[in-house]
Amino acid sequence: MKILMVLTSHDQLGDTGQKTGFWLEEFAAPYYVFRDAGAEIVLASPQGGQPPLDPKSDAPDAQTAATTRFASDAAAREALAHTRKLADVAGQPFDAVFYPGGHGPLWDLAEDRDSIALLESTIVAGIPLGAVCHAPAIFKHTRGKDGAPLVSGRNVTGFSNAEEDAVGLTAIVPFLVEDMLKANGGHYSSGPDFAPHVLTDGTLVTGQNPASSEEAAHALLKLVKTR
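Keep in mind it's a predicted model, so treat the numbers as computed, not measured.

A. Quick look at the overall build of the protein. The helix and strand inventory of the protein stands at eight helices and nine strands. Principal-axis analysis of the C-alpha atoms gives the protein an extent of 45 × 40 × 30 Å. A buried classification covers 54% of the 227 residues belonging to the protein. For the protein, contacts bridging at least 24 residues in sequence account for 76% of all contacts bridging at least 6. Charge-centre separation for the protein: the mean point of 17 positive side chains lies 7 Å from the mean point of 28 negative side chains.

B. Layout of the side chain of glutamate 178. On the secondary structure map, glutamate 178 appears in helix H7 (residues 177-183). For glutamate 178, a relative accessible area of 11% gives the class buried. Leaving out residues up to four positions away in the same chain, glutamate 178 has contacts with Phe159, Ser160, Asn161 and Tyr188.

C. Up close: the nonpolar core. Ranked by size, the top nonpolar core spans 34 residues in total, and within it Leu4, Val6, Tyr99, Leu129, Phe139 and Leu181 carry the most contacts. Only strand S1 (2-6), strand S2 (40-45), helix H4 (86-89), strand S4 (96-99), helix H5 (113-124), strand S5 (129-132) and H7 provide two or more residues apiece to this core. By size, the runner-up hydrophobic cluster in this structure holds 33 residues, among which are Phe22, Ala28, Phe34 and Ala76.

D. Up close: the packing of aromatic side chains. This structure, assessed with the given rule, holds six aromatic pairs. Here phenylalanine 27 and phenylalanine 70 contribute two aromatic rings whose centre-to-centre distance is 5.7 Å and whose plane-to-plane angle is 85 degrees, an arrangement assigned as edge-to-face. Of this pair, phenylalanine 27 sits in helix H1 (residues 24-36) while phenylalanine 70 is found in helix H2 (residues 65-71), placing the two residues 43 residues apart along the sequence. Neither residue differs from the other here; phenylalanine 27 and phenylalanine 70 are each classed as buried. Look at phenylalanine 159 and phenylalanine 194: their rings are 6.0 Å apart centre to centre, the planes differ by 65 degrees, and that puts the pair in the edge-to-face class. Taken together, the positions of phenylalanine 159 in the loop between strand S6 (155-156) and helix H6 (161-166) and phenylalanine 194 in the loop between strand S7 (187-188) and strand S8 (198-201) put the pair 35 residues apart, joining distant regions of the chain. According to the relative accessible area criterion, phenylalanine 159 is buried, its value standing at 4%. Counting every residue linked through ring pairs, the aromatic cluster contains Phe22, Phe27, Tyr31, Tyr32 and Phe70.

E. Structural context of the sheet that holds S2. Spatially, the seven strands line up as an open sheet ordered S3-S2-S1-S4-S5-S9-S8, and their pairing is mixed. One side of each edge strand has no neighbouring strand; the edge strands of this open sheet are strand S3 (84-85) and S8. Note: S4 against S5, three bridges, orientation parallel. Note that in S5 the partner of valine 97 across the bridge is leucine 129. Lying over the sheet, H1 contacts S1, S2, S4 and S5, oriented at roughly 175 degrees with respect to S1.

What counts and what doesn't
- Residue numbers run consecutively from 1 along every chain, following the written order of its sequence.
- It should be noted that, the model being predicted, local features are given only for residues of pLDDT at least 70 and side-chain atom pairs only at 80 or more, the latter also being counted only at that level, while totals for whole chains, interfaces and linings use all residues.
- Neither water nor hydrogens contribute to the side-chain values; these are computed over all heavy atoms in the structure.
- Runs of H or I in DSSP of at least four residues are treated as helices and runs of E of at least two as strands, each being numbered from the N terminus.
- Any residue under 20% of the maximum accessible area for its type is buried, any over 50% is exposed, and the rest in between are partly exposed; the area is computed with a 1.4 Å probe on protein chains only.
- Contacts between residues were defined by any pair of non-hydrogen atoms, one from each residue, lying within 4.5 Å.
- None of His or the chain ends enter the tally, which takes Lys and Arg as positive and Asp and Glu as negative.
- A charged residue contributes its charge at one atom only: NZ of Lys, CZ of Arg, CG of Asp or CD of Glu.
- Here, the term nonpolar core denotes a set of buried Ala, Val, Leu, Ile, Met, Phe, Trp, Tyr and Cys residues that are joined through side-chain atoms within 4.5 Å.
- Two rings belonging to Phe, Tyr or Trp (six-membered ring only in the last case) form a pair when the distance between their centres is within 6.5 Å. Interplanar angles under 30 degrees mark stacking, angles over 60 mark edge-to-face geometry, and anything in between is tilted.
- Pairs of strands are assigned from DSSP output, requiring at least two bridges between the strands.
- Axis definition: a line fitted to C-alpha atoms, over the contacting stretch in the case of helices. Angles run 0 to 180 degrees between N-to-C directions.

Scope: geometric values only; no functional claims are made or implied.
In structure tokens, the structure reads:
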């Protein structure tokens with residue numbers, strides 16, 4: 001079992017002067033779900049190398065069992081420091097593809113042509129695909145074989161407008177994940193703010209927020225095992 005995890009390379013939170021990137025829990029929790037299941041994990045990002053970590057996700061109050069495990073896992077930290085360029089791996093065969101969130105994907109992965117091509121080919125091939133929190137931003141420009149938005153008619157979730165308001169970034173982000181998914185024809189739903197909420201629709205798994213990361217990874221694994 002070989003799983004591709006795609007992380008952001010973007011580190012600027014708009015023009016605020018603040019840093020952003022990927023959210024640690026959204027990487028660490030799925031990473032260990034996959035690894036503990038015996039998967040070979042390939043890490044990639046648009047630019048390759050060390051993807052930027054949102055510093056807020058490394059704060060003491062954001063720590064979880066998975067992030068604590070990652071902090072003491074030298075091999076995992078070394079692997080993360082040397083992600084491969086997405087353009088170099090996008091054509092390779094994988095059993096599943098997973099996108100962790102963080103605000104970074106709103107700026108780069110939502111617009112990245114290699115990512116868009118990967119997503120469209122993954123869905124067409126029936127390969128399980130997962131995205132959590134802000135990572136469903138990747139569906140902004142993706143299309144299905146019929147030319148319609150990839151999420152059109154699908155049950156999907158992602159970081160809600162209420163959650164974006166709660167973290168004070170509604171006016172900073174280039175677009176709101178919830179609004180974009182609805183505009184693209186997705187059947188969007190959300191649970192309580194910052195509580196786990198995961199949807200599976202065919203081979204597509206989406207999670208609403210950081211707390212949904214582990215459950216989303218398990219849902220993706222379930223799809224892999226039933227193919």
